[in-house]
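# Observations on the model geometry
One-letter residues, chain by chain:
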Amino acid sequence: MSDKTRVCIVGSGNWGSAIAKIVGANCARLSNFDDRVTMYVYEEMIDGKKLTEIINTTHENVKYLPGHKLPSNVVAIPDIVEAAKEADILIFVVPHQFIRNFCSSLLGKIKPTAVAISLIKGFDIAEGGGIDLISHIITRHLKIPCSVLMGANLANEVAEEKFCETTIGSRDMKMAPTFRDLFQAHHFRVVVVDDVNAVEVCGALKNIVACGAGFVDGLGLGDNTKAAVIRLGLMEMIKFVDIFYPGSKLATFFESCGVADLITTCYGGRNRKVSEAFVKTGKSIKELEAEMLNGQKLQGPITAEEVNFMLKNKQMEDKFPLFTAIHKICSGTIQAKDLIDCIRNHPEHMKITHVAKL
Ligand SMILES: NC(=O)C1=CN([C@@H]2O[C@H](COP(=O)(O)OP(=O)(O)OC[C@H]3O[C@@H](n4cnc5c(N)ncnc54)[C@H](O)[C@@H]3O)[C@@H](O)[C@H]2O)C=CC1
Ligand SMILES: O=C(CO)COP(=O)(O)O
């Protein structure tokens, strides 16, 4: 048996494939990692050929990251257990709505000593009327620790090797050097922090705000309005973390997972793009996701629904008027043109306060 660390990437969408470029290259380069990186691929047929076969012969994920070569040591495997069973590090990067199924498939089939890191942005609804963090679901189901990686990381730009930063949140600082080795590249700079919940919640919530930014773009309301929506979104993100994840740190919002991811997603992300088209075309989000994303999945509208499920149960919708309005627009309860009226009297505008010293 090799004493080298074996890595499996669970997921092969747009971000899964972009991160496979970096992880594959690092595992090939660094002696402490096994060269062979397995990548679980949800099998599908492309022009009569299996996607796994295409990836393993051409080293390109022609559907989800066309135009970029994956390192040849990244091996696509259609069976999730086969891909994951020998891994010491499991990188979870699937659209969040599918995570429970994948965890069920892996239960009892992975190394008990394995550790996980989740790149998944989103929540799940929990029994008792709340929400669950994806990393908590992974830990609870698979009984392994789970760190997170979130940041301003539009997958296509990362694949093009344009410079960006990312944030890893980990409770186990002994793992920090290994994670940094695994993910850092000359164009992808890693900061590790211990405020894990806040890192993950930032990654999930900014997708809701990005829908709001897209509505503003669709309505043609201009840059000032969009900036207001982004700022109010940030304030609701901070309040959400403060109320539901007490003990989290404000400083985490200044990492890549916070303001930076919020900005990039509100300008360049899929949630923004589809939300703009939602206003301009009058089609449903589902129709537009299918028409515009070629199999990629939107996370914002479902995340807005999950968050609303909890806020409604706790009778706290009015404390988060932007998140609430975005959910109501996505679900067709109100129209996008009503967005501004919903936030005109935002609790932020009721404040008269001394600004804290730096
Ligand atoms: N794409 C991006 O720029 C970034 C995405 N993320 C996050 O990473 C996570 C994964 O996103 P992407 O890799 O972009 O995925 P994606 O949005 O490209 O989704 C497509 C993936 O979902 C799989 N899939 C489709 N239907 C499925 C089903 N019924 N069951 C199981 N799998 C199915 C497809 O096979 C494919 O691998 C998400 O939480 C996203 O928010 C994070 C940073 C950047
Ligand atoms: O998370 C992302 C960038 O960091 C991608 O956002 P979208 O899913 O809106 O494209």
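Here's what I pulled together on the structure shown here. (Residues numbered from 1 in each chain as written. Chains lettered and ligands numbered in written order. Predicted model: local features only at pLDDT ≥ 70, side-chain atom pairs only at ≥ 80, totals over all residues. Heavy atoms only, no water.)

## Some remarks on the site of ligand 2
- Taken together, K121, G151, A152, N153, L154, K206, D261, T265, G269, R270 and N271 make up the full set of residues near ligand 2.
- Residue R270 places a main-chain N or O atom 2.7 Å away from an oxygen atom belonging to ligand 2.
- Only helix 10 (256-268) and helix 11 (270-281) provide two or more residues apiece to the shell around ligand 2.
- Its residues assigned to classes, the shell around ligand 2 comprises two nonpolar, five polar and four charged.
- The two domains that each donate at least three residues to the shell around ligand 2 are domain 1 (5-194) and domain 2 (198-349). (Near = heavy atom within 4 Å. Polar contact = N/O pair within 3.5 Å; in protein donor to acceptor, adjacent residues only side chain to side chain. Helix = DSSP H or I, 4+ residues; strand = E, 2+ residues; numbered from the N terminus. Nonpolar A, V, L, I, M, F, W, Y, C, P; charged D, E, K, R; others polar. Domains from an automatic or database assignment.)

## Remarks on the packing of aromatic side chains
- Tallying each qualifying case throughout the model produces nine aromatic pairs.
- A ring pair is formed by F240 and F320, whose centres lie 5.9 Å apart and whose planes are at 75 degrees; its orientation type is edge-to-face. In this pair, F240 sits in helix 9 (residues 223-244) while F320 sits in the loop between helix 13 (300-313) and helix 14 (321-330), placing the two residues 80 residues apart along the sequence. Across this residue pair, the class does not change: F240 and F320 are buried.
- Geometrically, the ring pair formed by F244 and F320 is stacked, given 6.5 Å between the ring centres and 25 degrees between the ring planes. With F244 in helix 9 and F320 in the loop between helix 13 and helix 14, the pair connects residues that are 76 residues apart, well separated along the chain.
- Under the relative-accessibility criterion, F320 is labelled buried at 0%.
- Among the aromatic residues, ring-to-ring pairing joins F123, F240, F244, F320 and F323 into one connected group.
- The ring of Y267 carries K226 above its face, with NZ or CZ at 3.9 Å from the centroid.
- Lying over the aromatic face of F320, K239 brings its terminal NZ or CZ to 5.9 Å of the ring centre. (Phe/Tyr/Trp six-rings, centres within 6.5 Å; stacked < 30°, edge-to-face > 60°. Buried < 20%, exposed > 50% of the residue type's maximum accessible area, 1.4 Å probe, protein only. Lys NZ or Arg CZ within 6 Å of the ring centre and 35° of its normal.)

Functional significance is not addressed by these values, which are geometric in nature.
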